[in-house]
Amino acid sequence: MRDEVDEIVEAWARERTDLDLAPVAVFSRISRLARRLDLARREAFTAHGIESWEFDVLAALRRTGAPYELSPGRLLKETLVTSGTMTNRVDRLAARHLVERHPDPDDRRGVLVRLTAEGKAAVDGAFEALLAAEAALLADLPPRERERLAASLRRLLAPFA
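All values derive from a computational prediction rather than experimental measurement.

For the rest of this paragraph, the subject is the packing of helix 1 (residues 4-15) against helix 2 (residues 22-46). As a packed pair, helix 1 and helix 2 sit with axes 10 Å apart at the nearest point and diverge in direction by 140°. Crossing hand, helix 1 versus helix 2: right-handed. From helix 1, Glu4, Val5, Asp6, Ile8 and Val9 reach across to helix 2, where they touch Val24, Ala25, Ser28, Arg29 and Arg32. Tallied by class, the residues present in the contact of helix 1 with helix 2 amount to 5 nonpolar, 1 polar and 4 charged.

So this is what it looks like as structure tokens:
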């Protein structure tokens, strides 16, 4: 089976016989898959009334288990954004009643951000839609090949962890 990346690699091979084009064959496909995944994510999230950044925050809270709460500092680590950005995001999510702030019982000066029932429903629906879209993207790969692909990608990402 051939694809457009094969054509790109062949064209470069004709023009630059001196280069190893193996990275193009891998990363051009990853880039194309990333675009497809980004579109699938946006569709899944939009269908459930949330944006990608909202999903990231809500999902971080949802993954913690009941009572679905984290400190703002922990949310920063989970979502890899700045403090100012997180404050803005929590404010906007609170205004939409997807999260609420509560005093931290272990720190008089601290607060905890907690997922509301509405936030939980939104993130659960969006996550289910996302999983269905991702499963469709992987549909042509047998389970064993999916496992090998996941292992290979894990090795590629390890230096950045």
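Along the polypeptide, Thr116 turns up in the loop between strand 3 (107-115) and helix 6 (117-138). When its relative accessible area of 12% is taken as the criterion, Thr116 is described as buried. A polar contact is formed between the side chain of Thr116 and the backbone nitrogen of Gly119, at a distance of 3.0 Å.

Okay, the sheet that holds strand 2 (residues 99-104) next. Across the sheet, 3 strands lie side by side as 1-3-2; this open sheet has antiparallel pairing. Taken across any chain shown, the strands that pair with only one partner, and hence form the sheet edges, are strand 1 (69-70) and strand 2.

On to a nonpolar patch on the surface, then. On the surface, Val26, Phe27, Ile30, Leu137, Leu138, Leu149, Leu153 and Leu156 cluster together into a nonpolar patch covering about 620 Å² of accessible area. Contributing elements (two or more residues each) for the nonpolar patch: helix 2, helix 6 and helix 7 (143-157). Owing to a relative accessible area of 32%, Ile30 belongs among the partly exposed residues under this scheme.

Our focus in this paragraph is the environment of Leu70. Residue placement: Leu70 occurs in strand 1. Residues Leu70 and Arg101 lie 31 residues apart in sequence; the distance between their C-alpha atoms is 9.8 Å. Not counting chain neighbours up to four residues away, the residues in contact with Leu70 comprise Ala60, Leu61, Thr64, Leu75, Glu78, Leu112 and Val113.

A few words on the packing of helix 3 (residues 52-63) against helix 6. Where helix 3 contacts helix 6, the axes come no closer than 10 Å and their chain directions differ by 105°. With respect to each other, helix 3 and helix 6 are oriented roughly perpendicular. Across the interface between the two elements, Phe55, Leu58, Ala59 and Arg62 from helix 3 touch Gly119, Lys120, Val123, Asp124, Ala126, Phe127 and Leu130 from helix 6. Of the residues assigned to the contact of helix 3 with helix 6, the class counts are 7 nonpolar, 1 polar and 3 charged.

Here we take up the UniProt feature "domain: HTH marR-type" (unreviewed entry) in the chain. The feature "domain: HTH marR-type" (unreviewed entry), as annotated in UniProt, sits at residues 23-158 in this numbering. Helix makes up 69% of residues 23-158 and strand makes up 12%, while its end C-alpha atoms are separated by 18 Å.

Looking now at the environment of Leu39. Tracing the backbone shows Leu39 in helix 2. The exposure class assigned to Leu39 is partly exposed, which follows from its relative accessible area of 43%. Residues Leu39 and Val90 lie 51 residues apart in sequence; the distance between their C-alpha atoms is 25 Å.

Parameters at a glance
Residues numbered from 1 in each chain as written. Predicted model: local features only at pLDDT ≥ 70, side-chain atom pairs only at ≥ 80, totals over all residues. Heavy atoms only, no water. Axes fitted to C-alpha atoms, helices over the stretch in contact; angles between N-to-C directions. Helix = DSSP H or I, 4+ residues; strand = E, 2+ residues; numbered from the N terminus. Left-handed = near helix turned anticlockwise from the far one by under 90°. Contact = heavy atoms within 4.5 Å. Nonpolar A, V, L, I, M, F, W, Y, C, P; charged D, E, K, R; others polar. Buried < 20%, exposed > 50% of the residue type's maximum accessible area, 1.4 Å probe, protein only. Polar contact = N/O pair within 3.5 Å; in protein donor to acceptor, adjacent residues only side chain to side chain. Pairing = 2+ DSSP bridges. Patch = residues over 30% accessible without salt bridge, like charges linked within 9 Å, V, L, I, M, F, W, Y side chains within 5 Å. Areas by Shrake-Rupley, 256 points an atom, 1.4 Å probe, with all protein chains shown as cover. Salt bridge = Lys/Arg side-chain N within 4 Å of Asp/Glu carboxyl O. Parallel < 35°, antiparallel > 145°, perpendicular 65-115°, else oblique. UniProt positions renumbered as here; feature names shortened; annotations may be inferred.

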